[in-house]
Amino acid sequence: MKPELSIGSEPRARDTLDLAPRFTEHDAVRLNRLFRGSSTQEMLESVIRDGLAGDLAVVSSFGAESAVLLHLVASVDASVPVLFLDTGKHFAETLAYRDLLTQRLGLNLVVLTPDPEDLAKKDETGLRWSYDPDGCCEIRKVKPLEKALAGFDASFTGRKAFQAKTRANLPRFELDTSDGAGRLKINPLIDWTAADINAWFETHDLPRHPLIAQGYPSIGCSPCTTQVAEGEDPRSGRWKGWDKTECGIHKPGEEPFL
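Below is a summary of the structure that appears in this document. (Residues numbered from 1 in each chain as written. Predicted model: local features only at pLDDT ≥ 70, side-chain atom pairs only at ≥ 80, totals over all residues. Heavy atoms only, no water.)

## Here we look at the state of the cysteines
Argument step 1. Scanning the entire structure with this criterion turns up zero disulfides.
Argument step 2. Cys221 carries a free sulfur, and the closest cysteine sulfur to it, the one in Cys224, is 6.5 Å from it.
Argument step 3. Judged by its relative accessible area of 12%, Cys221 falls in the buried class. (Disulfide = S-S within 2.5 Å. Buried < 20%, exposed > 50% of the residue type's maximum accessible area, 1.4 Å probe, protein only.)

Shown next as structure tokens:
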């Protein structure tokens, strides 16, 4: 017979795991309504300083227009982590530009790299981009970022509506549907125009990515980025010849968000 244990009169507290998502679609709708009519700067100050979206990070490619969002966030709080995916395929100019902006703006840079075992098993030659760009992005971008974002409640992106048709209807706040964690994606510049971006560069004397002058308005990994002709969609130089418009971090078809 099992011996009786003397537990006492107080009920035992049970450890529980909170598996509920951090945020829901309702939260995204509420935040979009809350900041309707607010400037980008007002929104960023409230979200960052008042902790409205929990632990935050910026995801940055240090591309053609990245300096604007990085400057805006750093002006509020330069300690916000800036996550950079070092895929091993970047232009040398991008890496130099990353270092320049990090020093200039005092950024809290966090460099993410692909899992060496994944590379050895799935991209030993380093040429997967040439026959399976989705698979290459999965190894070098999606999985490392997914792992890093597990520690955050929300992330800032630099997406803008004018960049591509697939981004035309994005709101400021949306739910990250990549998993069930319920993180938020925050798009502070979604309603900025190309003229707005250029004006911010000029007003704050921000350095430009050196490849812009060479005809690269949208800059990703070097094997999958080509120059863009005048009048073409700024992102038409990404994965040219492939039925692919996003790296997998942001998915087309997930834009019916408000």
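## Concerning the pattern of salt bridges
Argument step 1. On inspection of all chains with the given rule, the structure shows ten salt bridges.
Argument step 2. Of the charged contacts, one joins Glu174 and Arg159 as a salt bridge, the two residues approaching to 2.3 Å between their closest N and O atoms. Of the two residues, Glu174 sits in strand 5 (residues 173-175) while Arg159 sits in the loop between strand 4 (154-156) and strand 5, which places them 15 residues apart along the sequence. Neither residue differs from the other here; Glu174 and Arg159 are each classed as buried. (Salt bridge = Lys/Arg side-chain N within 4 Å of Asp/Glu carboxyl O. Helix = DSSP H or I, 4+ residues; strand = E, 2+ residues; numbered from the N terminus.)

## Details of helix 7 (residues 194-203)
Argument step 1. Listed as buried for helix 7 are Ile197, Trp200 and Phe201. Burial along helix 7 is one-sided: seen end-on, the buried residues are contained in an arc of 100°. For helix 7, the exposed residues lying more than 90 degrees away from the buried face are Ala195, Glu202 and Thr203.
Argument step 2. Among the structural elements, helix 2 (40-49), helix 3 (66-76) and helix 4 (92-105) are those in contact with the buried residues of helix 7.
Argument step 3. Looking one or two places after helix 7, you find Asp205, whose phi comes out positive at around 50°. (Arc of directions from axis to C-beta. Contact = heavy atoms within 4.5 Å.)

## Quick notes on the pairing of strand 1 (residues 56-59)
Argument step 1. Across the two faces of strand 1 the burial is the same, with Leu56 and Val58 and Ala57 and Val59 all buried.
Argument step 2. Pairing geometry for strand 1 and strand 4, over three bridges, is parallel. In the strand pairing of strand 4, Leu56 is matched with Ala154.
Argument step 3. The pairing of strand 1 with strand 2 (residues 81-85) spans two bridges and is classified as parallel. Looking at the pairing, Val59 lines up with Leu83 of strand 2. (Pairing = 2+ DSSP bridges.)

## Focus: the packing of helix 3 against helix 4
Argument step 1. Helix 4 packs onto helix 3 with a crossing angle of 25° between their chain directions and a minimal axis gap of 11 Å. Comparing their axes, helix 4 and helix 3 come out roughly parallel. Crossing angle aside, the handedness with which helix 3 passes helix 4 is right-handed. Residues Ala67, Leu70, His71 and Ala74 of helix 3 lie in contact with helix 4, whose contacting residues are Tyr97, Leu101 and Leu105.
Argument step 2. Along the lines of polarity and charge, the residues of the contact of helix 3 with helix 4 split into six nonpolar, one polar and no charged. (Axes fitted to C-alpha atoms, helices over the stretch in contact; angles between N-to-C directions. Parallel < 35°, antiparallel > 145°, perpendicular 65-115°, else oblique. Left-handed = near helix turned anticlockwise from the far one by under 90°. Nonpolar A, V, L, I, M, F, W, Y, C, P; charged D, E, K, R; others polar.)

## So, the packing of helix 3 against helix 7
Argument step 1. Relative orientation of the contacting elements helix 3 and helix 7 amounts to 60°, with a least axis distance of 9 Å. As helix 3 runs across helix 7, the sense of the crossing is left-handed. Where helix 3 approaches helix 7, its residues Ala67, Val68, His71 and Leu72 are matched on the opposing element by Ile197, Trp200 and Phe201.

## Considerations on the packing of aromatic side chains
Argument step 1. Tallying each qualifying case throughout the model produces four aromatic pairs.
Argument step 2. Plain terms: the ring middles of Phe91 and Tyr216 are 5.6 Å apart, the flat faces sit at 65° to each other, and that makes the pair edge-to-face. Placement of Phe91 in the loop between strand 2 and helix 4 and of Tyr216 in the segment after helix 7 is noted, with a sequence separation of 125 residues between them.
Argument step 3. Given the relative accessible area of 12%, Phe91 is considered buried.
Argument step 4. The ring of Phe201 carries Arg208 above its face, with NZ or CZ at 4.1 Å from the centroid. (Phe/Tyr/Trp six-rings, centres within 6.5 Å; stacked < 30°, edge-to-face > 60°. Lys NZ or Arg CZ within 6 Å of the ring centre and 35° of its normal.)

Such coordinate-based values are descriptive only and should not be taken to indicate function.
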